[in-house]
Amino acid sequence: MARNELRPVIKLRSTAGTGHTYVTRKNRRNDPDRLTLRKYDPVARKHVLYREER
């Protein structure tokens, strides 16, 4: 199966300044802008905002 650029692999970096990242895939057709998700940061030990990094 070929990996296409419609669902690229992106890195989500914590806005808490800890340097923790999550790796996920996103659909560019549904989400053309940068993705922001609220996820758990194990370094800060709380839920923080994660932003897409390019």
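What you see is a predicted model, and the numbers here were worked out from it, not measured in a lab.

**Some points on unusual backbone geometry**
Then, in step 1: Of note in the backbone geometry, Arg45 takes a positive phi value of approximately 60° without being a glycine.
Then, in step 2: If you trace the backbone, Arg45 turns up in the loop between strand E3 (36-41) and strand E4 (46-53).

**Description of the packing of aromatic side chains**
Then, in step 1: Overall, the coordinates contain one aromatic pair when judged by the stated rule.
Then, in step 2: Between Lys39 and the ring centre of Tyr22, over which it is positioned, the NZ or CZ distance is 4.6 Å.

**Some thoughts on the side chain of Glu52**
Then, in step 1: Relative to the helices and strands, Glu52 is located in strand E4.
Then, in step 2: Separated by 3.0 Å, the side chains of Glu52 and Lys26 make a polar contact.
Then, in step 3: The residues contacting Glu52, other than those within four sequence positions of it, are Ile10, Lys11, Leu12, Lys26, Asp33, Arg34 and Leu35.

Basis of the calculations
Residues numbered from 1 in each chain as written. Predicted model: local features only at pLDDT ≥ 70, side-chain atom pairs only at ≥ 80, totals over all residues. Heavy atoms only, no water. Helix = DSSP H or I, 4+ residues; strand = E, 2+ residues; numbered from the N terminus. Phe/Tyr/Trp six-rings, centres within 6.5 Å; stacked < 30°, edge-to-face > 60°. Lys NZ or Arg CZ within 6 Å of the ring centre and 35° of its normal. Polar contact = N/O pair within 3.5 Å; in protein donor to acceptor, adjacent residues only side chain to side chain. Contact = heavy atoms within 4.5 Å.

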